[in-house]
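Take a look at the letters that make up each chain.
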Amino acid sequence: MHVLFFVLGIPLTGSLVLGFTGHRDVARNINVAFSFGTFLACCILTAQIIADGPVYVWDQQFFIDPLNVFLVTLTAFVGLTTSIFSRPYMRVEQDHGKMTPPRMRLYHGMYQLFSFTMLLALTTNNLGILWVAMEAATLTTVLLVSVYRTAASLEAAWKYFILCGVGIAQALFGTVLLYMAAEKVLGPHGATLLWTSLDAIKTQLDPAIITLAFAFLFIGYGAKVGMVPLHSWLPDAHAEGPTPVSAVLSGLLLNVAMYAVLRCKVLTDGALHSALAGQLMMGFGLLSVVVASFFLSRQKDVKRMFSYSSIEHMGLITFAFGMGGPIANFAGLLHMTVHSLVKSAIFFTVGHATQKAGSQFMSEIRGLIKVNPTVGWGLMLGVMAILGMPPFGIFASEFLILTTAMREQPWATPFLFIALGVAFASMLVRVLPMVFGVTSLKPLAHPPALLPVFIHLGLGLVLGLYIPPYLNHWFVQAAKMLGG
Amino acid sequence: MSILGLISQLMAIVVALVLAPLLSGWVNQWRARLQNKSAPGLLQPYRVLRKLFNKESVLAEHASTLFRMTPYIVFGCMLLASAIIPTLSTDLPLSPAADAIALVGLFALARVFISLAAMDVGTAFGSLGARREMLVGFLAEPALLMVLFCASMISRSTSLTTIVETLAHRELAIYPSLLVAGVAFTMVSLAENARVPVDNPDTHLELTMIHEAMILEYSARHLALIEWAASLKLFAYSCMGLALFFPWGVAQAHAPLELLLALPVLVIKLAIGGVLLAFIEIASAKMRIFRVPEFLATAFMLAVIGLLVNILLGVA
Amino acid sequence: MIKFVPQLINLFATLILMLSFAMISQRRIATLINIFAMQGAALVAASILLGYATNQPDLYVSAGLTLALKVILIPWLLHRVIRKLNVRWDVETLINIPTTMLVGIALVIFSFSLALPISRLSSSMAGGSLGIALACVLLSFMMMITRSKAVPQVIGFLSMENGLIFAATTVTNGMPMIVEFGIALDVLVGVLILGVFMFQIREKFDSLDIHNLEALKED
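Residues numbered from 1 in each chain as written. Chains lettered and ligands numbered in written order. Predicted model: local features only at pLDDT ≥ 70, side-chain atom pairs only at ≥ 80, totals over all residues.

What about the overall build of chain B?
Consideration 1: Across its full length, chain B holds 11 helices and zero strands.
Consideration 2: The secondary structure elements of chain B, listed N-terminal to C-terminal, are α-α-α-α-α-α-α-α-α-α-α.
Consideration 3: Seen through its principal axes, chain B has C-alpha atoms that stretch 60 × 45 × 40 Å.
Consideration 4: Looking at chain B as a whole, 49% of its 316 residues qualify as buried. (Helix = DSSP H or I, 4+ residues; strand = E, 2+ residues; numbered from the N terminus. Buried ≥ 20, exposed ≤ 12 C-beta atoms within 10 Å, placed from the backbone.)

Some remarks on the overall build of chain C
Consideration 1: Looking only at helices and strands, chain C features seven helices and zero strands.
Consideration 2: Each helix (α) and strand (β) of chain C, taken in turn from the N terminus, gives the series α-α-α-α-α-α-α.
Consideration 3: Residue burial in chain C is summarised as follows: out of 219 residues, 54% are buried.
Consideration 4: For chain C, long-range pairs separated by at least 24 residues make up 74% of all intrachain contacts whose partners lie at least 6 apart in sequence. (Contact = placed C-beta atoms within 7 Å.)

Quick look at the interface of chain A and chain C
Consideration 1: On the side of chain C, 40 residues touch chain A, which itself brings 39 residues to the contact.
Consideration 2: It is helix H6 (residues 151-186) of chain A that provides the largest number of residues to the side of chain A that touches chain C, a total of 20 residues.
Consideration 3: In terms of residue class, the side of chain A that touches chain C is made up of 27 nonpolar, three polar and nine charged. (Nonpolar A, V, L, I, M, F, W, Y, C, P; charged D, E, K, R; others polar.)

Observations concerning the nonpolar core
Taken as a class, soluble globular proteins show a tendency for nonpolar side chains to be buried jointly.
Consideration 1: Residues Val176(A), Ala143(B), Val147(B), Ala184(B), Ala303(B) and Ile16(C) are the most contacted members of the largest nonpolar core, which totals 366 residues.
Consideration 2: A per-element tally of this core places H6(A) first, with 22 residues.
Consideration 3: In this structure, Ala303(B) is in contact with Ala143(B), Met146(B), Val147(B), Cys150(B), Ala181(B) and Ala184(B), ignoring residues within four places of it in sequence. (Core = buried A, V, L, I, M, F, W, Y, C linked by C-beta atoms within 7 Å.)

Examining the packing of helix H4 (residues 100-120) of chain B against helix H5 (residues 124-155) of chain B
All names here are of chain B.
Consideration 1: It is the contact of H4 with H5, at a shortest axis distance of 10 Å, that shows an interaxial angle of 180°. Here H4 lies roughly antiparallel to H5, going by the angle between them. Every residue of H5 that contacts H4 at Ala-100, Val-104, Ala-108, Arg-111, Ser-115, Ala-118 and Met-119 is listed here: Gly-126, Ser-127, Gly-129, Ala-130, Glu-133, Met-134, Gly-137, Glu-141, Leu-144, Leu-145, Leu-148 and Ser-152.
Consideration 2: For the contact of H4 with H5, the class distribution of residues is 10 nonpolar, six polar and three charged. (Axes fitted to C-alpha atoms, helices over the stretch in contact; angles between N-to-C directions. Parallel < 35°, antiparallel > 145°, perpendicular 65-115°, else oblique.)

Some details on the interface of chain C and chain B
Consideration 1: In this assembly, 21 residues from chain C lie in contact with 19 residues from chain B.
Consideration 2: Secondary structure elements with two or more residues in the side of chain C that touches chain B: helix H1 (5-24) and helix H4 (97-119) of chain C.
Consideration 3: For the side of chain C that touches chain B, the leading source of residues is H4(C), giving nine residues.
Consideration 4: Its residues assigned to classes, the side of chain C that touches chain B shows 14 nonpolar, seven polar and no charged.

Details of the packing of helix H2 (residues 29-54) of chain C against helix H6 (residues 150-172) of chain C
Residue and element names in this part refer to chain C.
Consideration 1: Interaxial distance between H2 and H6 falls to 11 Å at its minimum, and their mutual angle equals 10°. When the axes of H2 and H6 are compared, the pair comes out roughly parallel. In this structure, H2 contributes Ile-29, Leu-32, Ile-33, Phe-36, Gln-39, Gly-40, Leu-43, Ala-46, Ser-47 and Leu-50 to the contact, and H6 contributes Val-151, Pro-152, Ile-155, Leu-158, Ser-159, Asn-162, Ile-165, Phe-166, Thr-169 and Thr-170.
Consideration 2: Its residues assigned to classes, the contact of H2 with H6 comprises 13 nonpolar, seven polar and no charged.

Some points on helix H5 (residues 130-146) of chain C
Consideration 1: With 17 residues, H5(C) should cover 24 Å at 1.5 Å per step; its first-to-last C-alpha distance of 24 Å lies within 8% of that length.
Consideration 2: Taking burial as the measure, the 17 residues of H5(C) include 14 buried ones, the bulk of the element. (Expected span 1.5 Å × (residues − 1).)

What to know about the environment of Ala143(B)
Residues and elements named next belong to chain B.
Consideration 1: With respect to the helices and strands, the residue Ala-143 is situated in helix H5.
Consideration 2: Along the chain, Ala-143 and Val-188 lie 45 residues apart, while their C-alpha atoms are 6.9 Å from each other.
Consideration 3: Leaving out residues up to four positions away in the same chain, Ala-143 has contacts with Ala-184, Val-188, Leu-296, Ala-299, Phe-300 and Ala-303.

Overview of the environment of Val7(A)
All names here are of chain A.
Consideration 1: You can see Val-7 is positioned in helix H1 (residues 3-21).
Consideration 2: Overall, Val-7 belongs to the buried group, with 31 C-beta atoms counted inside 10 Å.
Consideration 3: Through-space distance from the C-alpha of Val-7 to that of Thr-268 is 30 Å; in sequence the pair is 261 residues apart.
Consideration 4: Residue contacts for Val-7: discarding those within four places in its chain leaves Thr-38, Ala-41, Cys-42, Leu-45 and Leu-119.

With respect to helix H7 (residues 177-205) of chain C
Consideration 1: Here H7(C) contains 29 residues, and its C-alpha end-to-end distance of 41 Å stays within 8% of the 42 Å for a straight helix at 1.5 Å per residue.
Consideration 2: Here H7(C) has its buried residues at Val179(C), Glu180(C), Gly182(C), Ile183(C), Asp186(C), Val187(C), Gly190(C), Val191(C), Leu194(C), Met198(C) and Ile201(C).
Consideration 3: If you follow the buried residues of H7(C), they end up packed against helix H5 (127-145) and H6 of chain A together with helix H3 (57-85) and H6 of chain C.
Consideration 4: Directly beyond the C-terminal end of H7(C), a positive phi value near 65° is found at Asp206(C).

As for the arrangement of the chains
Consideration 1: A comparison of contact numbers over the two pairs of chains in contact places chains A and C at the top.
Consideration 2: Spatially, chain A is disjoint from chain B: no contact exists, and the shortest C-alpha separation is 17 Å.

What to know about the environment of Phe21(C)
Consideration 1: Position of Phe21(C) among the secondary structure elements: in helix H1.
Consideration 2: For Phe21(C), a count of 24 C-beta atoms within 10 Å puts it in the buried group.
Consideration 3: In contact with Phe21(C), other than residues within four places in its own chain, are Met301(B), Leu302(B), Ile305(B), Gly104(C) and Leu139(C).

Looking at unusual backbone geometry
Consideration 1: For the bond from Pro390(A) to Pro391(A), the omega torsion is 0°, close enough to zero to count as cis.
Consideration 2: For Pro391(A), the location among the structural elements is in the loop between helix H15 (373-386) and helix H16 (393-408).
Consideration 3: Look at the link from Val196(B) to Pro197(B): it is a cis peptide, with omega at 10°.
Consideration 4: Structurally, the position occupied by Pro197(B) is in the loop between helix H7 (176-192) and helix H8 (211-214).
Consideration 5: With a phi angle near 60°, Arg149(A) is a residue other than glycine that sits in the positive phi range.
Consideration 6: For Arg149(A), the location among the structural elements is in the loop between H5 and H6.
Consideration 7: Classification of Arg149(A) by C-beta neighbours within 10 Å gives partly exposed; the count is 15.

Spelled out as structure tokens, the structure:
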């Protein structure tokens, strides 16, 4: 019984259990326990990969290689810390009357199910199953976003469903076209959709079909990454759902969608002999960075502001992968990891801050450092990290991306600098009063869980200074595979 | 031109003249029967025509020459249209003129004259009917042209006789584009012949008249000619539909036996078509006037789709 | 008989396209659901035909799945929902129907031109239908955008899935079975979730007009 079955089986069982018991007080701890179990299983899996290298599981249906192994562990880790954060947070929400017992059951059940779909999407070798898992992830998060049942959250969930549903349907069309191209070379059976088989024969795939397929796949999965112009679901979903959901959306779902795009890009680059895929990614990535930073400067709601920051960073990551080459790919992978950690940390602190202030508007949150110093410092450090201050990891990856851009795509650098600058200024202007202003807020009823915040920020700091050898090895291998 | 060709042409004209009122009567009878009303006799239209021809014509004081000439012009157009559509045989001396586009032009000519005549006398109803008729025609004409193009794409010619010959004598094949074009053609012919759901031929209410409004001022022989022309138009459209979509049974050149067989075949086909028309009429409610553009836009779109499907699926 | 199969499949493809157009111009919501069910039925017929012609039993299973889901279960669910919510008409569309038709024609031409070079490369006997499938997908997408009530948006979404399954069936003789099951499950769950949402939207706003869901905008 391979450890992968535990990785997938634990969250699935967890969702069933919590679907029935999720309303009890102990459910919060059960949630943490299941997430911890998943994380342990992922650590064992990672140890196996470090020892043995890439592995196939169950008749080639699952495949773990340098590109997805660190994402798997990252997903499990962030899932664990978010579940720890969610303990006191949801307790306060229940006390304020925003969550009823059936909704708590739904919330906990869907949380574990969402972990399952993420891990399935990351570890599967079958592109069709990847699509199914992405769609399932959309469905679970739709239910999670709407869990408060307010008018705004219903609107956010509906928009999310329609926009991402449409996007995912385009991705299905792309998958069908991919299957069509593969069938000509491999013949029509289940193994034809396996990524590894396609990777082996990618130079024989018909370029015309693959061009169209990639266009649809990029539109589809790109909508889930938050690419402009299909991004409008992202701010609403982040702002209206519970904060743990915002944390996993920004930290995990965007990464997995990016992973799906990358898998398709590898195939496309092999089939076409032009840099079309890279150019598309560069173009839309740059567009997302610029548009997001300008929208960011006009936000009044704190969670919307940080969601635009997520769009901006994912745009930067897409741009990096679009450029290609060993340095840019490495930087992209590093950025994915650190952004996930730091952004979720920010959302943890923001969650507590909004609960304290009772509102998500930045004008009503003030003086966090006086009322609850840890929350205040957490937010301050988190924002510093996400804005790219050294020595945090984001600085390292942004530095690499920008220098590569200056060398290879100089036309893009003014846009990047302006956009990053605008984002820097706007966010700082808004966060400083939140942290240091004058306030009359009272402390929260339950002590906030801030350990996850500092663990994340600590990891972000560490990764900025030192990358462990096996992680470095994976990044280099994955960067090589991504080519360009 | 051969003797047989001449005979078939004359036969076509005579059959059109004789059968057209019969077709109208058949449709009216079935409409009444399906609505559980007592039906008028099958030969009622003939009696109406005879009655009208025996009456004295009354014209408005300000009626111009146009007003007096229009019934003859319209009747002539419809008769010519019925003559060039290959109803009985494809060997028609007039067939060089039997271009699909020319056919549409004939119908347009008739429409222009009757609209002008309606406005000629200066009554309110006349102008109302003329405007509405032009609205319907403006949208129906492109749709009809598209349908005809659809059919001509398959036979590579816009001549109706060529279309009929190609389709009738090819091996049986299913053409999806013709299915779509057929639906579009049905919609267009409902509009052009002033049938429910576009226009109720029985009504005399101001809000709902199109065709009737234009002919209110006519009487006696003028009215008779116009009524006959209307039934000839229905006959022509039905035969056009049969020629484009169900061309089997039409005789070819130099085949006198086929010519004799063609007449009963035509009668049977028209009978079935008439019953179907009656079904459509009683199953639909009349549309409001401003919905008619949507109806015809749909017909146009369907015809264009038929054309595109033809190109895409490469059905030759 | 076998030589009729490509023509029959083309016929069903054209039928599916016509039904997509019919859905765009339809105002009565109950009729919309019935047209959707008819589209599903045409899809089932095409799958069965293709399965018979190419001797692939997988296609029969896929056809059975589509029949159970798209022709029977989902239309029944939707009829129940509209009866409870009492929505009958969707009189206002964002752009009027003739303009919608014209845009639809443009989309059809676009998808046909996009698909023409690719359908020539297909190894299946019904490869020409890729353009039609893509056209159906785009038309459903347009329907989702131009409708102002929730139920037609949902039906547009489902019709898009229909187009995609049709593309998969005709161009590649069906996807691997496990993927088909996964897709079917996703669609079913999606519809259930949307159904629940519609009730809640109705509860919150007392109407299913999508214009109510435009409060969250950029300020």
